[in-house]
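As a plain string of letters, each chain reads:
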Amino acid sequence: MILEDLGYNNKLEKFRIDNNLNNSEIGRVVAEHKERYIIRTTTGEFDAEITGNMRFSAKSREDFPAVGDWVALTTYDSDFALIHKTLPRSSIIKRQAVGQFGEIQIIAANIDYAFIIQAVDRDFKLNRIERYLTICNSSKVNPIILLSKVDLINELQISEILERIKLRIKNVPVIAISNETQIGYDAIKTIIEKGKTYCMLGSSGVGKSTLLNNLSGKTIMRTEPISLSTNKGRHVTSHRELFILENGGIIIDNPGMREVGIADSTGGLEITFDLIIHLSKKCKFKDCTHTTENGCSVLEAVEKGEVDKASYENYLKMEREKAYFESTVAERRKKEKEFGKILKNYKKDMNKNKY
Ligand SMILES: Nc1nc2c(ncn2[C@@H]2O[C@H](COP(=O)(O)OP(=O)(O)OP(=O)(O)O)[C@@H](O)[C@H]2O)c(=O)[nH]1
Ligand SMILES: [Mg+2]
Ligand SMILES: [Zn+2]
């Protein structure tokens, strides 16, 4: 195994040399369990923790390693290591942490492509696809939509759903697949390249782990039928993990997500809803909210049916969510700053009192 097999590239190597990391080993985070990491290097797999220094200098969740990250580490024994640096990320997929406003959760780092997976059964929601797209678009990750479990419906129904997706979502590849019949697998296999990293996103039970198992030809992830009584996924996969396929592609499996909250989605909404953004430049008022204003080009286009109404509503909802997220983050920063000042003054007083 060489590092390139794990997705290592020239840019990372340049950083390693420029930062004199010659005395460290380089590895990739393949799994994380509550701040314990499993790192793959050229020599094997290591259980690892971050150094105290790294922990204390971390300002937010983003300063901790995540699955897919490249790290500099020192190995001890045959299976333990300490991580002292995270190498710069080419991309990072994140969402608003469930139940914690203003907090983000990192899904994975250094991802080239995301497979946004939705099953054709009760799981199918265009609004949710747009949500995942926004996250991918703000993360510099190329999205590919996989419509899964198409064995459950007939040809006509499949083309109807594909048509509905295409009406609302342009310029994103959509592949209809079945893990039962393996229809669509050829198309997926032509997309998966050696040394590139793919991340699977989707609700519980859509068939992410089944797809991974089938592509690898091995049962590397446990899969289970969805409980029929509640009709909800059972969250069979409990943690993120990175695997290398035989053709050299690198895939990250994720636990199913129930909520996909928009975190700081710089540019994400603009790309996902480019038509709306384009129209909004022609609105009469510069600060148009596209809700009630006269002379709003967006509203006009919605009325004429040129912009899908549901898509427009989804856009407004995510815009509000983003604004709320940003204000919560700003609020917290302010509080932290105030607390910092108190601490500083306190230390000053302590020093004064010494003399
Ligand atoms: N009919 C049909 N069933 C499928 C297909 N793919 C997966 N399943 C079934 O759906 C159930 C859930 O599949 P998993 O692969 O565990 O789903 P998952 O997305 O990994 O779920 P989590 O790990 O909970 O996020 C299993 O019973 C699979 O056998 C498919 O293409 N067609
Ligand atoms: Mg799974
Ligand atoms: Zn407007």
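### Some remarks on the side chain of Ser311
Part 1 of the argument: As for its position among the elements, Ser311 is in helix α10 (residues 309–354).
Part 2 of the argument: When neighbours within four sequence positions are excluded, Ser311 is seen to be in contact with Glu130, Arg168 and Phe273.

### Some details on the pairing of strand β1 (residues 25–33)
Part 1 of the argument: Sheet topology note: the β1/strand β4 (residues 70–76) ladder contains four bridges and is antiparallel. Paired with Gly27 across the two strands is Val71, which belongs to β4.
Part 2 of the argument: Across five bridges, β1 lies against strand β2 (residues 36–40) in antiparallel orientation. Of the residues in β2, the one forming a bridge with Arg28 is Arg40.
Part 3 of the argument: Linking β1 to β2, which pair antiparallel, is a turn of two residues; within it Lys34 sits at a positive phi near 45°.

### Observations concerning helix α1 (residues 10–18)
Part 1 of the argument: The residue sitting at the N-terminus of α1 and contributing the capping side-chain oxygen is Asn9; that oxygen lies 3.2 Å from the backbone nitrogen of Lys11.
Part 2 of the argument: Immediately beyond the C-terminal end of α1, within one or two residues, lies Asn20, with a positive phi of roughly 50°.

### So, the coordination of the zinc ion (ligand 3)
Part 1 of the argument: Distances from the zinc ion (ligand 3) to its protein donors, Cys283 (SG), Cys288 (SG), His290 (ND1) and Cys296 (SG), fall at 2.1 to 2.4 Å.
Part 2 of the argument: Each of the four donor atoms bound to the zinc ion (ligand 3) contributes to angles spanning 103 to 115°, and the resulting shape is tetrahedral.
Part 3 of the argument: Considered as a linear motif, the donors of the zinc ion (ligand 3) on their single chain read C-x4-C-x1-H-x5-C. Placement of the pair is Cys283 in the loop between α8 (274–280) and α9 (297–303) and Cys296 in the loop between α8 and α9, with a sequence separation of 13 residues. The pair Cys283 / Cys296 is uniform in exposure class, with both members buried.

### Some words on the pattern of salt bridges
Part 1 of the argument: Within this structure, the stated rule accounts for 13 salt bridges.
Part 2 of the argument: We note a salt bridge from Arg168 to Glu130, for which the minimum N-O separation is 2.8 Å. With a gap of 38 residues between them, Arg168 in helix α4 (residues 155–168) and Glu130 in helix α3 (residues 126–138) connect regions that are remote in the sequence.
Part 3 of the argument: By relative accessible area, which is 14% here, Arg168 ends up buried.
Part 4 of the argument: Note on Glu130: relative accessible area 2%, which makes it buried.
Part 5 of the argument: Residues joined in a network through salt bridges with shared partners are Glu130, Arg168 and Asp308.

Procedures and definitions
- Residues numbered from 1 in each chain as written.
- Chains lettered and ligands numbered in written order.
- Predicted model: local features only at pLDDT ≥ 70, side-chain atom pairs only at ≥ 80, totals over all residues.
- Heavy atoms only, no water.
- Helix = DSSP H or I, 4+ residues; strand = E, 2+ residues; numbered from the N terminus.
- Contact = heavy atoms within 4.5 Å.
- Pairing = 2+ DSSP bridges.
- Polar contact = N/O pair within 3.5 Å; in protein donor to acceptor, adjacent residues only side chain to side chain.
- Donors = N, O, S within 2.8 Å, 3.2 Å for Na, K, Ca; no water.
- Tetrahedral: all angles 85-135°; square planar, octahedral: opposite > 155°, others 65-115°.
- Buried < 20%, exposed > 50% of the residue type's maximum accessible area, 1.4 Å probe, protein only.
- Salt bridge = Lys/Arg side-chain N within 4 Å of Asp/Glu carboxyl O.

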